[in-house]
Structures are given as structure tokens and as C-alpha cells.
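What follows is the residue order along each chain.
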Amino acid sequence: MTKRLFYTDPYLKESIAIVQAVEQGKSIVRLTLDRTIFYPEGGGQPSDKGIIRGEGFEIKVERVYGRDEIWHEGKIEGRLPQAGEEVKLKLDWEWRYENMKQHTGQHILSAVLKDLYDSNTTGFQIFENYNKIEIDFEGKLTWEHILRAEIRANEIVQKDLPVEIEFYEELTEHLRKQLRKELSDKVKPPIRIVRIPGVDVIPCGGTHVKSTREVGFIKVVNFYKKSKNIWRVEFACGNRVLNYLDELLKDYWGSLDEMPNKNRPLVERVKELKNEIEKLEEERKALRLEVWEWKAKVLLSKAEEVGGIRVISHVEELDMKDAQAFVVYLVDKNPNSIALVVGKNYVIFAKNRGVKGVSMRALLREVLEETGGGGGGSEVLAKGGGFKVEPEKVLEIAQKKLKHFL
Ligand SMILES: [Zn+2]
């Protein structure tokens, strides 16, 4: 069983310990110690990072985990450590201290949400740049609710209240009643209670700062509904507030600067842009229709009449999607018409629904027999591609084949 030095003194940045067991992986090594200052991942708090150093080796600790025996895992330089030898432990203190602020900030925020809205915290996770809690909340959570909670939470931070750690073999009924959350049956004694007098009492195994003022600042950065009555609230504490807001503001001002009109608020500028796009889209549609009308007129004037059917042949520059939209328009608008359109490695055959006696799919099949490639379609519209001959040649073959049908 590894002694958890951080349970009683989370401010211990360095320590010595005795190696208990060593295991070697491909590129990493992992070991257990008789005692440790490294917090193992759990309870929403990520594991510590740091260095384990011995005579002739150094391990860069990247992951710490385990319940009774705590394993320290990382890349090693030098020889493999032996069980029984003494090592020096050193924490990545900046990482740990920020995590302590986040964790304590979470206790405060969760206590305030419980107090103001009777919301229970059902989940908690510290990430690299922010933290997440899940709370139950009936109805719609708004920024007004959030602001009220933030003001109250930061008042508690400013009060410089002590964060006390207590150990119990058994909890009295009186103490149980004070807990924000019921004690899980899984927790074995000694039971570790974290108390912020007048604010919060809760069982917790994480690392916390010793006074609320050290949390610095608590800022909710985002929130959204996850499922019925469960909301996710993202927040940051300490220096991570500054990092988060700096990144957000860089994005905000950068976005505003990209706008044609650079005056705040950004949301109004975005709405203007959206309206402008809609207007342009309408104009584009109208212009396209006008172009189609002219194009159809020109093509029809050059159409060949075969057995009372106007056969339009055309080598197209547009890509297949746009070409198809035009071809469908063309044959739908003009009774007794068939369009044979070829483009860069595609062909579209289409007919007006009123034209009887010829299937576009059947025509395509015959053409493909000579040109190679593949494709398919229906009675009125068929598409193909992958030919071994030039588009003009495909068109010529199609015209010939069509005459057999008509
Ligand atoms: Zn905690």
C-alpha cells in the first residue's frame, strides 16, 4: 500500500521514497513506491506529472494511477531502478497547483449551485484548459442564473476561508447531515472530509488549496443542456481563467476584424452577413434561371429534328452536378425534346416525359458498349462516365444510336 503524502500535505513538492516494484514496458517503465507525492488520476482530477530520480537514472512521470498500490509511469533515461533503493520525487508544481485551484473552485461552485438552485453536481472533470461539471437543473439554465452563482462563488473566494481536511473512521449522524452529497458505500475508512466552513462539507480524495483565496477566480465559460434536466457547466479557475479568456478574446476580436463592418457587437455583424448571403443566393438563383433560358433558346435553335422529336446535342463546360440541373430544366420545359449532353468525362441523356418509345437507360447501355465506361439511370434520365474516347466522339455515337430508336 502506497502512503499518500498529498493526503495530509498537498503542498509537498519534493520528497524521497523507496522503490517497491518495477515493471518495464517497450519504451516506458512503471514503478510503485512506499510513499508518494504524486496524485493518481481519479475523482475528476488528472494525475500528476514530474520527475523520479535515482543514482544513474531519471524517469519523466507522465501518468500515475492505482488505488492501494500507486503506479508511476513514464520514459526512463539510464539504468533500470531496483526494488529497495531510494529515489527523489519532484512534482510539476505548476500543473498540480493549478489543478488544486480548479478542484477547490469546483467545491465552491457546486456548493453555490446547490444552495441557490438545489442543483446537485453529478459529474466533474478537470481538463487541461478548463473543467466540466454536470448538474441537475429543472427548467432552462440561463446566463442570469450563471452570473448569480459566479458572484456568490467569487465572494467566497475573496473571503479567504480555510479549506480543512478531516479524517474519520466513522461519520456521526450530525456530520452526515452536513454533507452536500451522500457518502458512497465504496468509500472505506479513514474517510476524508473536505470542509469549507459555512460553505461546503463533502467527502473527497483530491488535492485542494488551503485557503479559498488561492483559487484566484472562478469563471463559467460555457454551459449547455446534455439531457433531460442535466446541464454541463464548463468553468475555469486560477491562471487558467486568463488563458481561456485570452484565447476566446483573440478569437472574438480576430473575427470582428474580419468583418466588413468592424463595430461591436459581433453577433449583429454575423446576422448582417447571413442576410447578405441569403440575398446573394436569391440573386444567383434568378441569374442562373435567366442564363438557362438563353442557353435553352440557343440550343433549341440548333436542335436536329428526328421523327417529330427535337434532339439537342451539346458539349458542356459545367461540372456534372450543374450540367444535370440545366439538362433537367431544359427537357422539362420543352415537350418533344431529348438532350444529349457530354462533359469532361461524363454524359447525361435526358428526355421530356412525353417522349415515348425510347429509354435513356437503354440508349446509354448501347453507347457504353462502344465507348467503354459505366453508368445507369432511368427511363427519362441516364448518366455515365469513364469513357475511353473523347467527349465529341461519345456525342457522335449517341446521336447515331438514338436515330435507331426514333
Ligand atoms: Zn475535492
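These numbers come from a predicted model, not from an experiment.

## As for the packing of helix H2 (residues 93–117) against helix H3 (residues 143–158)
Thought 1: Where H2 meets H3, the closest approach of the two axes is 9 Å, and the angle between their N-to-C directions is 125°. Viewed along their axes, H2 and H3 adopt a mutual orientation that is oblique. As H2 packs across H3, the resulting crossing turns out to be right-handed. Of the residues in H3, those in contact with Ile108, Leu109, Val112, Leu113, Asp115, Leu116 and Tyr117 of H2 are Glu144, His145, Arg148, Ala149, Arg152, Ala153, Ile156 and Val157.

## Re the UniProt feature "domain: Alanyl-transfer RNA synthetases family profile" (unreviewed entry) in the protein
Thought 1: Here, the residues flagged by UniProt with the feature "domain: Alanyl-transfer RNA synthetases family profile" (unreviewed entry) are residues 1–247.
Thought 2: Regarding residues 1–247, the helix share stands at 24% and the strand share at 38%, and the terminal C-alpha atoms are separated by 43 Å.

## Thoughts on unusual backbone geometry
Thought 1: Here the residue pair Pro189 and Pro190 is connected by a cis peptide bond, since its omega of 5° sits within 30 degrees of zero.
Thought 2: Tracing the backbone through its elements, the reader meets Pro190 in the loop between helix H4 (173–178) and strand S12 (191–196).
Thought 3: Looking along the chain, the bond that leaves Arg264 and enters Pro265 is cis, with omega of -5°.
Thought 4: Locating Pro265 in the fold gives a position in the loop between helix H5 (239–258) and helix H6 (266–301).
Thought 5: Its identity as a non-glycine residue notwithstanding, Asp118 has a phi of 55°, on the positive side.
Thought 6: Of note, the phi angle at Asp160 is positive, near 60°, even though the residue is not glycine.

Cut-offs and rules
Residues numbered from 1 in each chain as written. Predicted model: local features only at pLDDT ≥ 70, side-chain atom pairs only at ≥ 80, totals over all residues. Heavy atoms only, no water. Axes fitted to C-alpha atoms, helices over the stretch in contact; angles between N-to-C directions. Helix = DSSP H or I, 4+ residues; strand = E, 2+ residues; numbered from the N terminus. Parallel < 35°, antiparallel > 145°, perpendicular 65-115°, else oblique. Left-handed = near helix turned anticlockwise from the far one by under 90°. Contact = heavy atoms within 4.5 Å. UniProt positions renumbered as here; feature names shortened; annotations may be inferred.

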